[in-house]
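Residues per chain are reported as follows:
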Amino acid sequence: MGAPVDYASLAAAIRSLTEGEDDTVALMATVACELHHADDRFDWTGFYRVVAPDLLKIGPYQGGHGCLQIPFSRGVCGAAARTGEVQLVADVDAFPGHIACASSTRSEIVLPVWNKTGVLLGVLDIDSNQPNAFTQGDADALTGILADVFSG
C-alpha cells in the first residue's frame, strides 16, 4: 500500500480544477477522477445521482462497472441517500442488504452529496478491495471536499 492520501493537497487540486464550474456532471467526473487516482485503497470511485424520488442512477466513475441503479431502500449507497449520513463500512459482507456490484469489494465509504440549497444530488461511493480500508479521517476530509465543490 502506498502513502496515505494528502487530503489538503488533493482538496487544493480539486478546488483549482473545479473553480467556476457549475455543471454537476462535470464536477462529479473531475472529483471521481482525482480521488480515484489519489489513493491505491480506492478500487472503485464514483457517484450515484438522484434521478427520481428514492432512486439513484450511476453517474461519473472510475474503475470497473458499477450497478446501474440503486433504490434508496437498498445497500450502502441507498442508506447514505436515505439517511443523509456518511456510511463507513469496514466489512461489506456484514452490512445488511449490501449490493455486490463487484465481488472484489471488501469495504466501502459512501457520502451524501448536497448542493448549496441543501438538496441531495446523490452520493459519492468509494469501494476498496481491502478490508477496513476507510477511517473517520477519510470521511471528514471527503465531506469537506464535497462541500467545497458542490455546496461551496
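Up top is the structure these notes are about.
Quick caveat, the model's predicted, so the values are computed rather than measured.

Some points on the pairing of strand S2 (residues 55-62)
As paired strands, strand S1 (residues 44-52) and S2 are joined by 6 bridges and run antiparallel to one another. Bridge assignment links Tyr48 to a residue of S2, and that residue is Ile58. Here S1 hands over to S2 after 2 residues, with Asp54 in that stretch at a positive phi of 60 degrees. In this sheet, strand S3 (residues 69-71) lies alongside S2 in antiparallel orientation, the contact comprising 3 bridges. When the sheet's bridge partners are listed, Leu55 is paired in S3 with Pro71. Between the end of S2 and the start of S3, which pair antiparallel, lie 6 residues, with Gly63 showing a positive phi angle near 120 degrees.

Focus on the sheet that holds strand S5 (residues 107-114)
Across the sheet, 6 strands lie side by side as S3-S2-S1-S6-S5-S4; this open sheet has antiparallel pairing. The open sheet has two free edges, formed respectively by S3 and strand S4 (87-89), since each of these has just one partner strand. Direction aside, the axes of adjacent strands within the sheet are offset by 25 degrees on average. Pairing geometry for S4 and S5, over 3 bridges, is antiparallel. Bridging from a neighbouring strand, Val89 pairs with Glu108 of S5. In this fold helix H2 (residues 24-36) packs onto S1, S2 and strand S6 (120-128), with an angle of close to 160 degrees to the strand it touches most, S1.

What to know about the side chain of Ser107
One can find Ser107 in strand S5. Ser107 gets classed as buried once you look at its relative accessible area, which sits at 0%. In terms of polar contacts, Ser107 uses its side chain to reach the backbone amide nitrogen of Ala133, at 3.2 Å. When sequence neighbours within four positions are dropped, the list of residues in contact with Ser107 reads Val89, Ala90, Val92, Ile126, Asp127, Ser128, Gln130, Pro131, Asn132, Ala133 and Phe134.

Re the packing of aromatic side chains
Tallied over the entire structure, the rule returns 4 aromatic pairs. On the numbers, 5.1 Å between centres and 20 degrees between planes, the contact of Trp44 with Tyr61 is stacked. In this pair, Trp44 sits in strand S1 while Tyr61 sits in strand S2, placing the two residues 17 residues apart along the sequence. An aromatic cluster of three or more residues is present, and its members are Trp44, Tyr48 and Tyr61.

Analysis parameters
Residues numbered from 1 in each chain as written. Predicted model: local features only at pLDDT ≥ 70, side-chain atom pairs only at ≥ 80, totals over all residues. Heavy atoms only, no water. Pairing = 2+ DSSP bridges. Helix = DSSP H or I, 4+ residues; strand = E, 2+ residues; numbered from the N terminus. Axes fitted to C-alpha atoms, helices over the stretch in contact; angles between N-to-C directions. Contact = heavy atoms within 4.5 Å. Buried < 20%, exposed > 50% of the residue type's maximum accessible area, 1.4 Å probe, protein only. Polar contact = N/O pair within 3.5 Å; in protein donor to acceptor, adjacent residues only side chain to side chain. Phe/Tyr/Trp six-rings, centres within 6.5 Å; stacked < 30°, edge-to-face > 60°.

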